[in-house]
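What follows is each chain in one-letter form.
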Amino acid sequence: MNSFVIEPATPDDVESIAALLAPNVIKQSVLPRSSSDILEHIGNFRVARVGDRLAGCVALRDFGGGLFEVRSLVVEDDYSGCGLGSALVKNVLSLAVERGGIEVFTLTIRPRLFTRLGFEEVPMESFHRDDKYHEKIWSDCRLCPKIDCCDEIALRIRVG
Ligand SMILES: CC(C)(COP(=O)(O)OP(=O)(O)OC[C@H]1O[C@@H](n2cnc3c(N)ncnc32)[C@H](O)[C@@H]1OP(=O)(O)O)[C@@H](O)C(=O)NCCC(=O)NCCS
C-alpha cells in the first residue's frame with residue numbers, strides 16, 4: 001500500500017466523510033452523522049489520505065471538564081489492517097491532549113484496537129452509573145437503535 005497521511009479534515013471532505021460513514025451506519029458500527037453535523041464539527045475530524053483518496057476518518061467530541069470521546073472511526077475496506085485505524089486514534093489522542101484532555105473514552109465493537117493503544121475497559125454497569133458519562137448516554141445511547149441490545153464495550157484512557 002502507498003503510505004498514508006493523517007491530517008485535519010477540511011470542509012471539502014464533508015461528503016467523502018459522509019460516504020465513508022454511511023455503510024457503517026447501516027451495519028450499526030457507528031452512529032449516523034448528517035453532512036451538516038459533519039460540517040459543523042469539521043474541526044474535530046481527522047482523516048487518513050492515501051494519495052488523493054480519503055481512506056479513513058475519526059472525530060473527537062469534547063464533553064467539557066477534560067472529558068473527550070473518540071467517535072466516527074471508519075477505515076475503507078480496501079485499506080483495513082494497514083494501521084490506519086490505530087494511527088487515526090493516536091492522532092486524536094494527541095488532539096485531546098492539545099485541547100486540555102484528561103480522559104478519552106470510546107464505545108466500540110473493536111476493543112483490541114483501543115487496548116493496544118493503552119485504553120482500559122470500563123464495565124458497562126459502571127459506565128452507566130458514572131455521572132461523568134451521563135451526557136453521552138443522554139445524547140447518543142438514548143437514541144441508539146442498539147439501546148436494548150448493546151454489544152459495545154466502553155474503554156477509557158487517561159491523557160492528562
Ligand atoms: C475498526 C476499523 C476502523 C479498524 O481500522 P484498520 O485501519 O483496519 O485498523 P488497524 O489496521 O489499525 O488494525 C486492524 C487490525 O490489524 C491488526 N493490527 C494492527 N496493528 C497491530 C499491532 N500493532 N499488533 C498486532 N496486530 C495489529 C489487528 O488484527 C487489528 O485488529 P484488532 O484491532 O481488532 O486487533 C475498521 O475496521 C472499520 O472501519 N470498521 C468498521 C467501522 C467500525 O467498526 N468502527 C469502529 C467503531 S469505534
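Residues numbered from 1 in each chain as written. Predicted model: local features only at pLDDT ≥ 70, side-chain atom pairs only at ≥ 80, totals over all residues. Heavy atoms only, no water.

A word on the nonpolar core. Residues Val70, Leu84, Val89, Val104, Phe114 and Phe119 are the most contacted members of the largest nonpolar core, which totals 22 residues. When residues of this core are traced back to their parent elements, those giving at least two are β2 (45–50), β3 (53–64), β4 (67–75), α3 (84–98), α4 (111–115) and β7 (153–158). The leading source of residues in this core is α3, at 7 residues. Apart from residues lying up to four places away in sequence, Phe119 is in contact with Val70, Val89, Leu93, Val104, Phe105, Phe114, Leu155, Arg156 and Ile157. Formed by 15 residues, the second largest nonpolar core is a distinct cluster that contains Ala9, Val14, Ala18 and Leu54. (Core = buried A, V, L, I, M, F, W, Y, C linked by side-chain atoms within 4.5 Å. Buried < 20%, exposed > 50% of the residue type's maximum accessible area, 1.4 Å probe, protein only. Helix = DSSP H or I, 4+ residues; strand = E, 2+ residues; numbered from the N terminus. Contact = heavy atoms within 4.5 Å.)

Before going further, it helps to examine the layout of surface pockets. A volume near 160 Å³ is recorded for the second largest pocket. Along its surface, the second largest pocket is lined by Leu31, Pro32, Arg33, Asp37, His41, Asn44, Ala59, Leu60, Arg61, Asp62, Arg71 and Asp140. A total of 4 residues in the lining of the second largest pocket trace back to one element, the largest contributor, which is β3. Its residues assigned to classes, the lining of the second largest pocket comprises 4 nonpolar, 2 polar and 6 charged. (1 Å grid on protein atoms, 1.4 Å probe; cavity = no way out; pocket = protein on both sides within 12 Å on 5 of 7 lines; lining within 4 Å. Points joined across faces, edges and corners; volume = space filled by probe spheres on them. Nonpolar A, V, L, I, M, F, W, Y, C, P; charged D, E, K, R; others polar.)

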